Amino acid sequence: MKNQKVVIITGASNGMGKAAAQVFADHGWIVYGGARRVEKIPNGENIHAVSLDVIDDESIKSFADTVIKEQHHVDVLINNAGYGENGPAEDTPTDHIRKQFDTNFFGAVTLSQLILPTMRKQGSGRIVNISSIGGDIYSPLGAYYHATKAALQQWSDTLDIEVEQFGIRSVVVQPGGTKSSWGSVAVQNIYNNLKPDTAYKPLVDYMAKVLSDDAPGMGASVEDLANLFYRAATDEKPKRRYFNNFHDHLTVIMARSLPGLFRRQVLAGLKGK
Ligand SMILES: NC(=O)c1ccc[n+]([C@@H]2O[C@H](COP(=O)([O-])OP(=O)(O)OC[C@H]3O[C@@H](n4cnc5c(N)ncnc54)[C@H](OP(=O)(O)O)[C@@H]3O)[C@@H](O)[C@H]2O)c1
């Protein structure tokens, strides 16, 4: 089919990115899904599964070159690949913190820089950055995850005002707790990041329960979020921020406008654990 729209989705082998690849393909888009576990990216007539490691500049370049060489245009880039390098701020090794920034922040930046010239030439395009409500709120053992998502949001807002003149927009989706592999990866990392003589064991055991994949806080489905990604990618008048529900939005508003109250609530939650 001619004039088919093209979307790039990073982290398309699992969770929200995998579900989003299916949603866009079902709407007739040509999807380029990237991930390290390329074999887990959904198969389909319109889905191209391409190997991508967002912490490897060569891999990102080869991924971007493949899409541009094969399609010559890119309508939407969804920077979704990400994970939680959770652990106590005091214990987490610096090389793990760098990997967190390389994945959640620099991966999105590097790929966007490679795709933007094509979008500028076409005079249109949208970059959808998958942050988290954790880009505005914070919880114990999430220091470096929250820092990457806050950075991504500030970067997206700045990029947005720079590229609007070229018909391009950069927007942010902020999911709340969603059933995927995110929680189990974050919990595994918490234990991996502990110093042998850690002072944080009770907090770790509590947060491991809060973050587990089937914890009550992980209420949304990856399909909910995939549909939200689609809305953020296609809204005629895009918004700076997209939330899956009113509760997620309210949580961010509360944390931003009443920071003292938000902090007391987090501490009260920990005391009642
Ligand atoms: N689930 C939640 O509660 C939640 C809440 C707020 C925000 N988020 C954010 O939503 C996004 C999607 O998360 P999810 O819940 O769908 O998690 P998920 O099920 O763990 O999926 C993460 C995806 O990211 C990919 N990825 C990780 N590191 C990568 C790398 N170096 N190169 C390429 N791909 C990489 C993984 O693919 P490979 O391992 O195959 O490479 C996988 O496809 C993330 O940015 C996450 O931070 C999640």
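Shown above is the structure to which this text applies.
Here is a short report on the structure shown in this document. Here the structure is a predicted model, which means the values were calculated and not measured.

Rules used throughout
Residues numbered from 1 in each chain as written. Predicted model: local features only at pLDDT ≥ 70, side-chain atom pairs only at ≥ 80, totals over all residues. Heavy atoms only, no water. Axes fitted to C-alpha atoms, helices over the stretch in contact; angles between N-to-C directions. Helix = DSSP H or I, 4+ residues; strand = E, 2+ residues; numbered from the N terminus. Parallel < 35°, antiparallel > 145°, perpendicular 65-115°, else oblique. Left-handed = near helix turned anticlockwise from the far one by under 90°. Contact = heavy atoms within 4.5 Å. Nonpolar A, V, L, I, M, F, W, Y, C, P; charged D, E, K, R; others polar. Buried < 20%, exposed > 50% of the residue type's maximum accessible area, 1.4 Å probe, protein only. Right-handed = clockwise from strand over helix to strand, strands pointing away. Pairing = 2+ DSSP bridges. Salt bridge = Lys/Arg side-chain N within 4 Å of Asp/Glu carboxyl O.

1. Concerning the packing of helix 1 (residues 15-26) against helix 7 (residues 222-234)
A pair of packed helices can be characterised by two numbers: the angle between their axes and the separation between those axes. Axis separation between helix 1 and helix 7 bottoms out at 8 Å; the angle between their running directions is 60 degrees. Considering the angle they form, helix 1 stands oblique to helix 7. At the point where helix 1 passes helix 7, the crossing takes the right-handed sense. Of the residues in helix 7, those in contact with Gly 15, Met 16, Ala 19, Ala 20, Val 23 and Phe 24 of helix 1 are Val 222, Glu 223, Leu 225, Ala 226, Asn 227, Phe 229, Tyr 230 and Ala 233. Split by residue class, the contact of helix 1 with helix 7 holds 11 nonpolar, two polar and one charged.

2. Looking at the side chain of Asn 129
You can see Asn 129 is positioned in strand 5 (residues 125-130). What makes Asn 129 buried here is its relative accessible area of 0%.

3. A short note on the environment of Leu 141
Here Leu 141 is to be found in the loop between strand 5 and helix 4 (143-163). Looking at Leu 141, the relative accessible area reads 8%, which means it is buried. Separated by 27 residues in sequence, Leu 141 and Ile 168 place their C-alpha atoms 36 Å apart. Those residues in contact with Leu 141 that sit more than four places away from it in its chain are Asn 86, Gly 87, Pro 88, Ile 190, Leu 203, Val 204 and Met 207.

4. Considering the pairing of strand 6 (residues 168-174)
With seven of seven residues buried, strand 6 lies mostly within the body of the structure. For the handedness criterion, the β-α-β arrangement of strand 5, helix 4 and strand 6 is classed as right-handed. The pairing of strand 6 with strand 7 (residues 241-243) spans three bridges and is classified as parallel. Among the inter-strand pairings, Val 172 is bridged to a residue of strand 7, identified as Arg 241.

5. Looking at unusual backbone geometry
Its identity as a non-glycine residue notwithstanding, His 72 has a phi of 65 degrees, on the positive side. Locating His 72 in the fold gives a position in the loop between helix 2 (57-71) and strand 4 (76-79). Judged by its relative accessible area of 63%, His 72 is exposed. One non-glycine residue, Leu 141, adopts positive backbone phi at about 70 degrees.

6. Describing the pattern of salt bridges
In this structure the tally under the stated criterion is seven salt bridges. The network of salt bridges with shared partners includes Asp 157, Arg 240 and Arg 241.

Everything listed here is a matter of geometry and, on its own, says nothing about what the molecule does.
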